[in-house]
Amino acid sequence: MDKTASIYVAGHRGLVGSAIVRNLRAAGFSNIVTRTHAELDLTDERATRGFFEAEKPEYVFMAAAKVGGIVANNTYPAQFIRDNLAIQTNVIHAAHLAGVTRLLFLGSSCIYPKLAAQPMREDALLTGPLEPTNRPYALAKIAGIEMCWSYNREYGTKFLAAMPTNLYGPGDNYHPTNSHVIPALLRKFHEAKLRGDATVTVWGSGTPRREFMYSDDMADACVFLMNLPDIRYQALLGSDENQSGRFEPPLVNIGTGTDVTIAELAQLVRQTTGFTGDIVFDASKPDGTPRKLMDVSLLTQTGWRARTPLAQGLCDAYAEFQQSESGKT
């Protein structure tokens, strides 16, 4: 990407989008296009197409989505599938009509089957039942991958899908019930410390294993992929299975390649926040998928690896959370 190229980051205020914008600015990209939800509702097809016709971005980072943890996914399943299908359909189609050079569609590791072989390879897609607690969201993201694949086959576009593992970092959503596990635990342990509680209760048995990645690392991987030379980028766009006979979606996993149990994560968060009480696990609450570890071989073959250890990332995220909380008082 040329430093002056027009780059649209959809969802620039979210955890993923804000990290991508930070990375692009730090790298010297000077023509970053953003719109708030109030300025552009991506579920509105006409508005989305009008934006692309007017701005004509050369590159698109598709980070806009309705996201949340287990509670949010269980509570609002219709909203998760409806809004995400609308957003990605409108953006991908408008990008094609506007002649976008490259588009990177951001998904989630929940696209893979609940009991997929670990670590999960890109070709595990569509090989088994999904985790029911986030199936509506996962199906929407799978549809987005298929849209990129189909548009590449039919129209010759260069749309790539990247599936990040569980993310955390600056700009995360710390809502008490609608957030993902790390921000939820950081808030829970922080508030328990302030109240002087003797215990903190964590949902589930503590045994599931999860992989976590600092959002700025994820953003660096995304920008790295979009900057690959044509021949290397083209190789990631998969193949037409009808011709090749191989199942090769235009899909790249983005992760660290390492995981921890939820119990181990809770211990790390306790140390990070300085909470001195005990941790209690409520096994009556859902665990979700037993293990979710990404196979990042394809990404590492391109020459990129994650740099931020979990303990360091948690400290940085907690510091940012404390700063944001102090700003509210």
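Throughout what follows, the structure given in this document is the object of discussion.

Rules used in this analysis
- Residues numbered from 1 in each chain as written.
- Predicted model: local features only at pLDDT ≥ 70, side-chain atom pairs only at ≥ 80, totals over all residues.
- Heavy atoms only, no water.
- Salt bridge = Lys/Arg side-chain N within 4 Å of Asp/Glu carboxyl O.
- Helix = DSSP H or I, 4+ residues; strand = E, 2+ residues; numbered from the N terminus.
- Buried < 20%, exposed > 50% of the residue type's maximum accessible area, 1.4 Å probe, protein only.
- Phe/Tyr/Trp six-rings, centres within 6.5 Å; stacked < 30°, edge-to-face > 60°.
- Pairing = 2+ DSSP bridges.
- Contact = heavy atoms within 4.5 Å.
- Axes fitted to C-alpha atoms, helices over the stretch in contact; angles between N-to-C directions.
- 1 Å grid on protein atoms, 1.4 Å probe; cavity = no way out; pocket = protein on both sides within 12 Å on 5 of 7 lines; lining within 4 Å.
- Points joined across faces, edges and corners; volume = space filled by probe spheres on them.
- Nonpolar A, V, L, I, M, F, W, Y, C, P; charged D, E, K, R; others polar.

Thoughts on the pattern of salt bridges
- Scanning the entire structure with this criterion turns up 15 salt bridges.
- For arginine 22, the salt bridge is made with aspartate 216, and the minimal N-O distance between the two is 2.5 Å. In this pair, arginine 22 sits in helix α1 (residues 15-26) while aspartate 216 sits in helix α7 (residues 215-226), placing the two residues 194 residues apart along the sequence.
- With relative accessibility at 33%, the residue arginine 22 sits in the partly exposed group.
- In this structure, arginine 102 engages aspartate 230 in a salt bridge whose closest nitrogen and oxygen atoms are separated by 2.6 Å. Of this pair, arginine 102 sits in strand β4 (residues 102-106) while aspartate 230 sits in helix α8 (residues 230-234), and the two are 128 residues apart along the sequence.
- What makes arginine 102 buried here is its relative accessible area of 4%.
- The exposure class of aspartate 230 is partly exposed, given its relative accessible area of 48%.
- Via salt bridges that share partners, Arg187, Glu191 and Glu325 belong to a single interconnected network.

Some words on the packing of aromatic side chains
- Applying the stated rule across the entire model yields 10 aromatic pairs.
- Taking 5.4 Å as the distance between ring centres and 85 degrees as the angle between the ring planes, the aromatic pair formed by phenylalanine 51 and phenylalanine 52 counts as edge-to-face. Here phenylalanine 51 matches phenylalanine 52 in class, with each residue buried.
- Members of the aromatic cluster, each reached through a chain of ring pairs, are Tyr8, Phe51 and Phe52.

Observations concerning the sheet that holds strand β8 (residues 209-210)
- Sheet architecture is open: three strands sit in the order β11-β8-β13, paired in mixed fashion. Every interior strand has two partners, whereas the edge strands, β11 (260-261) and β13 (291-292), have only one.
- Where β8 and β13 come together, two bridges link them in parallel fashion. Note that in β13 the partner of arginine 209 across the bridge is arginine 291.

Section: the side chain of threonine 36
- By secondary structure assignment, the location of threonine 36 is in the loop between β2 (32-33) and α2 (45-55).
- In contact with threonine 36, not counting residues within four places along its chain, are His12 and Arg13.

Remarks on the sheet that holds β2
- Strand order in this open sheet of six strands is β2-β1-β3-β4-β5-β10, and the pairing throughout is parallel. Taken across any chain shown, the strands that pair with only one partner, and hence form the sheet edges, are β2 and β10 (251-254).
- Alignment of strand β1 (residues 7-10) against strand β3 (residues 59-62), held across four bridges, turns out to be parallel. Bridge pairing in β3 places alanine 10 opposite methionine 62.
- Sheet strands in contact with α7 are β3, β4, β5 (159-164) and β10, and its direction is about 150 degrees off that of β4.

Quick look at empty space enclosed by the protein
- Overall, the coordinates contain two cavities of 30 Å³ or more when judged by the stated rule.
- In this structure, the largest cavity encloses a volume near 50 Å³.
- In terms of lining residues, the largest cavity is bounded by Ser109, Cys110, Tyr112, Pro113, Lys114, Met120, Glu131, Asn134, Thr289 and Lys292.
- A breakdown of the residues in the lining of the largest cavity according to their chemical character gives four nonpolar, three polar and three charged.

Interpretation in functional terms is not warranted from these geometric data alone.
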